[in-house]
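Working through the structure, step by step
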Amino acid sequence: MSRPVQARRLEGIDKNIWVEFVKLAATYSTVNLGQGFPDFPPPGFLKEAFLRALSEENHMLHQYTRAFGHPPLVKILAQFFGKLLGRELDPMTNVMVTVGAYQALFCCFQAFIGEGDEVIIIEPFFDCYEPMVKMAGGTTVFVPLRPVFSRGELELIAELCVKHDVLCFSDEVYEWLVYDGKEHIRIATLQGMWDRTVVIGSAGKTFSATGWKVGWTMGPNRLLQHLRTVHQNSAYHCATLAQEAVAQGFQRELMLYGKPDSYFVQLPEELQKKRDWLVQSLDAVGMKPIIPEGTYFLVADISKFRSSVPDVPDSDEPYDSRFAKWMVKNKGLAAIPLSAFYSEAHKNNYNHFIRFCFAKEEATLKAANDILQKWKQEKTSP
Amino acid sequence: MSWYCMTRRLGSCEGSRRACNSQFFSGHIYYAGMLFASRSFCCLGVRTYQLRTDLLSRSIRLAASATMAFRPKNTRRIEGLDSNVWVEFTKVAADPSIVNLGQGLPDISPPAYVKEELAKAAAVDRLNQYTRGFGHPSLVKALSQVYERVCGRKIDPLTDILVTVGAYGSLFSTIQALIEEGDEVIIIEPFYDCYEPMVRMAGAKPVFIPLRYKNDGNSASSADWVLDPAELANKFNSKTKAIILNTPHNPLGKVFTREELQVIADLCIKHDTLCISDEVYEWLVYKGNKHIKIATLPGMWERTITIGSAGKTYSVTGWKLGWSIGPQNLIKHLQVVHQNTLYTCPTPLQEALAQAFWIDYKRMDDPDCYFYSLSRELESKRDRMAQLLQEAGLKPVIPDGGYFMIVDVSTLNVGLSGKDDKQPYDYKFVKWMITSKKLSAIPLSAFCGPETKRQFEKYIRFCFIKSRV
């Protein structure tokens, strides 16, 4: 073909850090704190629900379900989140199930962003936001993150959204992973925001089952209707069995909400311990962690370890990226460079941080500690 | 006091950078993703807003009084793509007292070993977490083995295959990767209904060509429906980017012969056109017929994406796994779309599917292989349904493949005029049949472009992968 065979919408979105870093981790790492997924299993009650669903005599759960979301799942999501959002949710029109929160984001951009539109993205950002905006023909505008998304700041964002008639796509996949007694505030509950917000959630992060790829969107029908149009013309149905199991998981959580047996209480408790453990571990060797109030990631300053990885003048690649690659190849410890979560223009502003995932078994975190201790000793010994 | 800077353009807020940076390192970070989409920002140079928290209350009061009526506007790309025949008819047929022979979903059980493999996979901890984005390693390996055997050529599991959310996802990835505004895409009518909206969503123009009934005889077969080669040749021009082929064909059940495929191949090569070959029913081919992959014809591998489906292969439509197979220089673009749409498909399902494929790959010379045994089971259902319909005075078109059968209902002479005359006859007929006969099917005009709806409105489509048949 004389002209390029691929469509122009793919321009500039072919690179992806995960393709590279997942391969590196698979090849070299002995301890993987890179990509964000737990190395412990989903809770027993969820696995049991999945097994029950797949072996049901009825077997119709192996066939198509309702395209916009398996009825038992959208019903329980509407019930559960209706309480948290402080309003009555219609499961058929205010909730749509997607293939992970990833596909939820895709539907939002495809439904509402076109050429001439600007999208504000707060940096550092989950890397897919930028290429998704580009693929939709939009223009990205980057705003650097400042500490603590307090209610005051969310109210400021809300005020600006209302004033300028702007939509808000709120990615809240880590909504349950909040530590130190902090509160996750849902922007859709602020004044004037329900009508202009799409809330995105994830079963993968909620129930430690990232491989199930079940996510959802919630919002007013006049926004969701357009997400449904994109969804019915792209993936259409989501796999039935996992939806059935997730529905049962939420039934259980609805009954145990706020109680000590609730997975949404136990998981953050467990993860907070792991966070503290990793923070201590990193502090002890001289990598300076920034203590996160939420999610299962933390970012650490690797300046004290710069001597291990020589600077390459005039290199296109940000320092932290080279550092992370060197570290996985030579130390077997996988982490992700923070610059991966910045726009091209700002990648070199924060190039001495790497991101660790601490949703890992104790043994994994201990193994990481061993690697770091040994490394520190190697640096200090003559 | 925390400072919050917001700029309207890429760039930093000069005045407060120092303050912002120092806070960034000493404070805590709450990782949250928020995206704001705006239509109404106008560009007047860099304007920075710096609001201190002590001014917030004043701002909020202003905002509350200035609540504008929000007019969410969808993008042009989805304009006119909201209606969907399935949404309409699955609602109508959801009543359990109605025998649903409409939507194409099996109500027979998937084979036991398929369910067992899924149970085994789900019990492995790491198989409940993310796998390789472009396809779980054991699955792409299994697919490459099966299809190497079928195609007679080497297929690289990592570069020549993409696993997607159903064949639907493969169609979407292919069209988004390779089709855009200015392109024309040839669609053969009747067509699986998603082809048209997907082509339109990509900004391209669908160009329709109908299959035409060549006989005047009584016993109709799907083989009687053919493309006119001259008519087809006229549809190709310099803008034709691709043709979508579906064989075995839904809804007719036609299995394109080698000669028919050669006509299409010749035109693709002459006009340097791509071929998107939807072969989800590839194993469901009945006696006397052979499924031929157009990608195996000379000059076609390098320009063809072949799409398959676990749902149709193993009677597990609810697993929503499909795949695209083709040359690396085309598949790599589908992979780019995939990594920017949903990134990865569910892991345990992919692992189970891989294991099921190994089981059947090892017995591909054996008649007990599920690929052949399912086809035999469906052939008897096909014959039974055809007989029932003929006894009822209807004229079925006997399919050579797939699990659908179309039926000419005009012979029944059911008078439906006066009932919403804007709707095609078959829509009205199906609605009447649901209410008065408690039986549902799908109207064939749902699978046609605007010009040919009248041509096909005396047909309805039945699905026979049903336990009752």
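Residue positions within a chain follow its written sequence, with the count starting from 1. The order in which chains are written sets their letters, starting at A; the order in which ligands are written sets their numbers, starting at 1. The predicted nature of this model means local features are confined to residues of pLDDT at least 70 and side-chain atom pairs, given and counted, to a pLDDT of 80 or more, with totals for whole chains, interfaces and linings taken over all residues. The side-chain figures draw on all heavy atoms in the structure; neither hydrogens nor water molecules are used.

Looking up chain B in an unreviewed UniProt entry gives the name Kynurenine--oxoglutarate transaminase 3, with the organism given as Falco tinnunculus. UniProt, in its Sequence similarities (unreviewed entry) section for chain B, records the words "Belongs to the class-I pyridoxal-phosphate-dependent aminotransferase family." UniProt lists a comment for chain B under the heading Subunit (unreviewed entry), and it reads "Homodimer." UniProt positions are given in the numbering used here, feature names are shortened, and annotations may be inferred rather than shown by experiment.

Under an unreviewed UniProt entry, the name given to chain A is Aminotransferase class I/classII large domain-containing protein, and the source organism is Falco tinnunculus. Per UniProt, the comment on chain A under Subunit (unreviewed entry) is "Homodimer." UniProt annotates chain A under Pathway (unreviewed entry) with the comment "Amino-acid degradation; L-kynurenine degradation; kynurenate from L-kynurenine: step 1/2."

Residue and element names in this part refer to chain B. In DSSP terms, a helix is any run of H or I states spanning at least four residues, a strand is any run of E spanning at least two, and both are numbered starting from the N terminus. Considering the arrangement of structural elements, one finds Ser83 in the loop between helix H2 (56-65) and helix H3 (85-92). Here the term buried applies to any residue with accessible area under 20% of the maximum for its type, exposed to any over 50%, and partly exposed to those in between, with areas from a 1.4 Å probe on protein chains only. Judged by its relative accessible area of 62%, Ser83 is exposed. In the structure, Ser83 is positioned 114 residues away from Pro197 in sequence and 9.8 Å away in space, judged by C-alpha atoms.

All names here are of chain A. Aromatic rings from Phe, Tyr and Trp, taking only the six-membered ring of Trp, are treated as a pair when their centres fall within 6.5 Å; an angle between ring planes under 30 degrees marks them as stacked, one over 60 as edge-to-face, and anything in between as tilted. Summed over the entire model, instances satisfying the criterion amount to 56 aromatic pairs over all chains. For the ring pair Tyr174 and Tyr296, a centre distance of 5.3 Å and an interplane angle of 70° mean the geometry is edge-to-face. Taken together, the positions of Tyr174 in the loop between strand E5 (167-171) and strand E6 (197-202) and Tyr296 in the loop between strand E8 (288-290) and strand E9 (297-301) put the pair 122 residues apart, joining distant regions of the chain. Per residue, the accessibility class of Tyr174 equals that of Tyr296, and both read buried. Among the aromatic residues, ring-to-ring pairing joins Phe45, Phe80, Phe81, Trp176, Phe207, Trp216, Phe250, Tyr257, Tyr263 and Phe264 into one connected group. One residue, Lys360, lies across the ring of Phe37, its end atom 4.4 Å from the ring centre. Here, a charge over a ring is recorded when the distance from Lys NZ or Arg CZ to the ring centre is within 6 Å and its angle to the ring normal is within 35 degrees.

Residues and elements named next belong to chain B. For two strands to count as paired, DSSP must find a minimum of two bridges between them. Across the sheet, which stays open at both edges, the 7 strands sit in the order E5-E13-E12-E11-E10-E6-E7 with mixed pairing between neighbours. Whereas interior strands pair on both sides, the edge strands pair on one side only; in this sheet they are strand E5 (161-164) and strand E7 (205-210). Strand-to-strand twist in this sheet, taken as the mean axis angle between neighbours without regard to direction, amounts to 20°. Two residues form a contact once any of their heavy atoms are found within 4.5 Å. Under this scheme, a helix contributes an axis fitted over its contacting stretch, all axes are lines through C-alpha atoms, and angles between N-to-C directions fall in the 0 to 180 degree range. Each of E5, strand E11 (274-278), strand E12 (304-309) and strand E13 (322-325) is contacted by helix H11 (residues 328-339), which is oriented at about 30° to E5, the strand it contacts most.

What follows covers empty space enclosed by the protein. Both cavities and pockets are sets of points on a 1 Å grid over the protein atoms alone; in a cavity a 1.4 Å probe fits but cannot get out, in a pocket the set is open with protein on both sides within 12 Å along at least five of seven lines, and lining residues sit with an atom within 4 Å of a point. Grid points are joined across faces, edges and corners, and a volume is the space filled by probe spheres set on the points. On inspection of all chains with the given rule, the structure shows 10 cavities of 30 Å³ or more. Within this model, the largest cavity holds a volume of roughly 350 Å³. Lining the largest cavity are 24 residues, with Tyr64 of chain A together with Tyr168, Tyr192, Tyr281 and Lys312 of chain B positioned closest to its centre. Breaking the lining of the largest cavity down by element, the ones donating at least two residues are helix H6 (166-178) and helix H10 (310-313) of chain B. With 4 residues, H6 of chain B is the largest single contributor of residues to the lining of the largest cavity. Polar here means any residue other than Ala, Val, Leu, Ile, Met, Phe, Trp, Tyr, Cys and Pro, which are nonpolar, and Asp, Glu, Lys and Arg, which are charged; Gly is therefore polar. Of the residues that constitute the lining of the largest cavity, the class distribution is 11 nonpolar, 9 polar and 4 charged.

What follows concerns the packing of helix H2 (residues 44-55) of chain A against helix H4 (residues 112-122) of chain B. Two quantities define a packed helix pair, namely the angle between the axes and the distance from one axis to the other. Running from amino to carboxyl end, H2 of chain A crosses H4 of chain B at an angle of 175°, the nearest separation of the two axes being 10 Å. Comparing their axes, H4 of chain B and H2 of chain A come out roughly antiparallel. Residues Lys47, Phe50, Leu51 and Leu54 of chain A of H2 of chain A form the contact with H4 of chain B, whose own contacting residues are Lys115, Leu118, Ala119 and Ala122 of chain B. A class-by-class count of the residues in the contact of H2 of chain A with H4 of chain B yields 6 nonpolar, no polar and 2 charged. Working definition: roughly parallel below 35 degrees, roughly antiparallel above 145 degrees, roughly perpendicular at 65 to 115 degrees, and oblique for all remaining angles.

A few words on the interface of chain B and chain A. Chain B puts 114 residues into the contact, and the matching count from chain A is 124 residues. Summed over both partners, the interface of chain B with chain A comes to about 11,200 Å²; 60% of that surface belongs to carbon and sulfur atoms. Whenever Lys or Arg places a side-chain nitrogen within 4 Å of a carboxyl oxygen from Asp or Glu, that contact is recorded as a salt bridge. With a closest N to O distance of 3.0 Å, Glu180 of chain B and Arg8 of chain A form a salt bridge. Polar contacts, as used here, are pairs of N or O atoms within 3.5 Å; protein pairs need one atom able to donate a hydrogen and one able to accept it. Residues neighboring in sequence count only if both atoms are side-chain atoms. Our count for the chain B to chain A interface comes out at 41 residue pairs in polar contact (both at pLDDT 80 or more). Here the side of chain B that touches chain A takes 7 residues from H6 of chain B, the largest share from any one element. Residue composition of the side of chain B that touches chain A, by class: 63 nonpolar, 34 polar and 17 charged. Buried area counts how much accessible surface, traced with a 1.4 Å probe, disappears from two parts once they are put together, with both parts' losses summed.

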